[in-house]
Amino acid sequence: MSMITRLVSSPLALLALAGTFLLAGCERPPVESIQHGYRGTGMVLVYNPRTLERQVPLNQPPASTPPAPTEGPKAKDAFQNVKVLGDLSVAEFTRHMNAISQWIAPKEGCAYCHNLQNLADDSKYTKVVARRMIQMTQHINADWKTHVAGTGVTCYTCHRGQPVPQEVWFTPVPQDLKANFIGDRAGQNIAAVNIGLTSLPEDPYTPFLKEDKPIRVTGSVHLPNDNPSSIKQAEYTYALMFHMTQSLGVNCTFCHNTHSFQTWDSAPTQRVTAWHGIRMVRDLNNAYLEGLTPTFPKNRLGPQGDVAKVFCATCHQGAYKPVYGAQMAKDYAGLMLAAPASKGAALPAPTDEPRHSVLYFGVGNATLEGAQAKGLAQLIATMSAAPKTTAIIAGYHSASGELAANQELAKQRAFSVRDALLAAGIAEKRVTLEKPAKAEANLSGEDPAARRVEVSLK
Ligand code: HEC
Ligand code: HEC
Ligand code: HEC
Ligand code: HEC
């Protein structure tokens with residue numbers, strides 16, 4: 001009798017064997033756990049060393065070449081059709097082209113984007129896409145420091161030596177209700193891998209990473225009647241949370257203090273970074289990738305004819321920081337520039353206007369003078385150039401003096417900025433007044449930095 005039949009012949013052993021199969025869906029030990037909060041708070045992160053083993057080689061940065069001389073003629077003078085990287089020296093420009101080839105198409109090299117008979121020619125769609133991608137990368141590094149900090153991104157962060165990044169998403173095909181006896185799945189119940197094989201909705205990306213549906217489901221009061229969120233909304237939220245956890249190779253406790261998923265003040269700072277990340281991803285999908293849809297050939301588009309889009313996994317690929325936080329971008333000046341205004345008619349305008357302005361006032365004063373008046377003019381110019389932006393205005397005051405009078409002054413300051421915008425022809429519905437968000441900003445004595453109006457553009 002073989003070993004296995006002898007074992008199975010005993011009922012106890014049979015149970016043990018059945019148990020092994022039942023547990024096969026769980027993670028096999030050993031796993032490692034790391035404390036991520038104060039002792040006793042249960043803020044433990046559990047890592048599977050075997051998953052880590054697969055992730056580590058995926059997230060190694062390629063070697064960087066030493067910087068080239070920045071003197072000498074500029075690329076825009078030496079070449080014919082350079083619209084974005086023109087201010088680099090010819091040597092630096094060439095070094096960027098070499099790096100881009102390594103990051104995107106190491107096998108095909110320059111020919112992946114260029115007609116080698118004429119490098120200035122834009123006939124290959126890959127070159128047109130690449131130009132827009134350079135602008136997108138500059139925009140991420142210049143305007144999304146709230147997420148990417150000084151680390152920034154390069155083409156490698158998403159591409160890793162491939163023309164199409166490993167991790168992208170498309171709009172799913174809607175369920176064909178005519179050919180289905182099961183009934184309407186309502187976008188869920190198929191145990192998709194991206195949501196941890198659960199029955200949650202399988203496309204949390206469209207509502208949260210393209211549209212801006214609210215990701216808030218927890219009620220703020222004890223009684224159930226006051227929470228307007230539906231169970232389905234909660235399921236969508238959890239599906240997104242699954243995606244975020246898997247993309248970063250972490251647990252929920254990386255961002256949440258699980259005594260309350262809702263509160264921000266007791267959550268790890270990573271949650272705030274993630275919050276900005278969600279907004280950044282929306283911005284990239286809408287302002288850059290969507291606009292490239294007609295540029296791509298059909299075979300690059302999804303089943304619904306939509307362009308490949310970015311989510312957390314596109315950059316992170318299983319690591320808490322992409323490429324484990326390697327500082328690659330700082331070696332490439334061309335990717336760190338603020339995106340210049342678009343010169344090519346074919347390029348959709350980059351959206352890199354300042355998102356937040358602060359205007360300072362004198363003591364006891366509600367009119368803007370000197371450099372501050374210039375700041376106001378800039379704000380007006382920005383809003384006029386981007387007719388879809390709206391401004392939220394909040395007035396602040398310093399702590400010295402009498403509170404009621406100060407509050408009135410803060411209000412007058414906010415009014416004077418609003419009135420200036422309206423006087424410049426900005427429509428009234430684009431301007432909203434709001435109470436200052438941070439109360440502590442009002443507590444610091446006679447502080448010139450406190451006498452201000454903050455304007456957020458959306
Ligand atoms: C992933 C796409 C891509 C690859 C690969 C690539 N380039 Fe480029 N190249 C571009 C883009 C985009 C521009 C335009 C940049 C701009 O407008 O600022 C450009 C412009 C140029 C120009 C300027 C041509 C002119 O007269 O306007 C030269 C020269 C050049 N590349 C050389 C190279 C070389 C050499 C290689 C291979 C080592 C290479 N490129 C690989 C995308 C690419
Ligand atoms: C935030 C992630 C991200 C970054 C950073 C990024 N890309 Fe892309 N790139 C994408 C996505 C998503 C696509 C669409 C995939 C497809 O081609 O279907 C794409 C497509 C491309 C394509 C078209 C490839 C093809 O064969 O269809 C080129 C070329 C390209 N990128 C070049 C670049 C260059 C050059 C940089 C750096 C300056 C860069 N990308 C940075 C996400 C990124
Ligand atoms: C990388 C950080 C991160 C991870 C990991 C993460 N979350 Fe979140 N979570 C957030 C952020 C950020 C928000 C708020 C999103 C917003 O408002 O745009 C949020 C919101 C939520 C909410 C809604 C709270 C409310 O106010 O209604 C719940 C519930 C939640 N997460 C549960 C989870 C669960 C369960 C996990 C693990 C499966 C998880 N999260 C993993 C960052 C994270
Ligand atoms: C364009 C590339 C890119 C995309 C897309 C992206 N991230 Fe990040 N993320 C980064 C970079 C780069 C860093 C490292 C910043 C640093 O060094 O502090 C980072 C850092 C983080 C951190 C902080 C980690 C820590 O230990 O401090 C969190 C949390 C995070 N990302 C969550 C997300 C979530 C959630 C999404 C999707 C909604 C997302 N990221 C999408 C590039 C990206």
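Here the residue index of a chain counts from 1 through its sequence in written order. Working convention: letters from A go to chains and numbers from 1 go to ligands, in the order in which they are written. Local features in this predicted model are restricted to residues whose pLDDT is 70 or higher, and side-chain atom pairs enter the listing and the counts only when it is 80 or higher, whereas totals over whole chains, interfaces and linings include all residues.

**What about the overall build of the chain?**
Thought 1: Here a helix means four or more residues in a row that DSSP labels H or I, a strand means two or more in a row labelled E, and each is numbered from the N terminus. Of the regular secondary structure elements, the chain holds 15 helices and 6 strands.
Thought 2: Here a residue counts as buried when 20 or more other C-beta atoms sit within 10 Å of its C-beta, as exposed when there are 12 or fewer, and as partly exposed otherwise, the C-beta atoms being derived from the backbone. Across the 458 residues in the chain, those meeting the buried criterion constitute 26%.
Thought 3: The contact rule is simple: place each C-beta atom from the backbone, and if two of them lie within 7 Å, those residues are in contact. Long-range pairs, those at least 24 residues apart, make up 63% of the contacts in the chain with a sequence separation of at least 6.

**Here's the deal with unusual backbone geometry**
Thought 1: Even without being glycine, Gln317 reaches a positive phi, approximately 45°.
Thought 2: Here Gln317 is to be found in the loop between α12 (312–316) and α13 (333–336).
Thought 3: Using a count of 21 C-beta atoms within 10 Å as the deciding quantity, one classes Gln317 as buried.
Thought 4: Despite not being glycine, Val323 has its phi angle at roughly 50°, a positive value.
Thought 5: Judged by the 22 C-beta atoms lying within 10 Å of it, Val323 falls in the buried class.

**What about the site of ligand 2?**
Thought 1: Taken together, 25 residues lie around ligand 2, and Met133, Cys155, Cys158, Pro163 and Ala308 are the ones closest in.
Thought 2: For the shell around ligand 2, the secondary-structure elements that each account for two or more residues are α5 (90–104), α6 (125–143), α8 (155–159), α11 (270–289) and α12.
Thought 3: Of the residues forming the shell around ligand 2, the biggest block, 6 residues, is contributed by α6.
Thought 4: Gly counts as polar in this scheme, as do all residues outside two lists: the nonpolar Ala, Val, Leu, Ile, Met, Phe, Trp, Tyr, Cys and Pro, and the charged Asp, Glu, Lys and Arg. Class assignment of the residues belonging to the shell around ligand 2 gives a composition of 19 nonpolar, 5 polar and 1 charged. Working rule for contacts: place C-beta from the backbone, and if it is within 6 Å of a molecule or strand, that residue counts as near it.

**Remarks on the site of ligand 4**
Thought 1: Taken together, 24 residues are adjacent to ligand 4, and Ala149, Thr151, Gly277, Cys312 and Cys315 come closest.
Thought 2: Mapped by element, the contributors of at least two residues to the shell around ligand 4 are α7 (145–148), α10 (231–248), α11 and α12.
Thought 3: Looking at the shell around ligand 4 element by element, the count peaks at 6 residues for α11.

**Some remarks on the sheet that holds strand β4 (residues 391–395)**
Strands in a sheet are paired, the pairing made by backbone hydrogen bonds, and the direction either parallel or antiparallel.
Thought 1: At least two DSSP bridges between two strands are required for those strands to pair. In spatial order, the strands read β3-β6-β4-β5; together these 4 strands make up an open sheet with mixed pairing. Unpaired on one side and paired on the other, β3 (356–360) and β5 (431–433) mark the two borders of the sheet. Going across the sheet, the axis of each strand differs from the next one's by a mean of 20°, ignoring polarity.
Thought 2: Judged from the 5 bridges that link them, β4 and strand β6 (residues 452–457) form a sheet pairing that is antiparallel. Paired with Ala394 across the two strands is Glu454, which belongs to β6.
Thought 3: On top of the sheet, helix α14 (residues 370–385) reaches β3, β4 and β6; it is set at about 155° to β3, its chief contact.
Thought 4: All axes here are fitted lines through C-alpha atoms, helices being fitted over the stretch that makes contact, and every angle between N-to-C directions spans 0 to 180 degrees. On the sheet, helix α15 (residues 403–423) packs against β3, β4, β5 and β6 and is oriented at approximately 150° with respect to β4.

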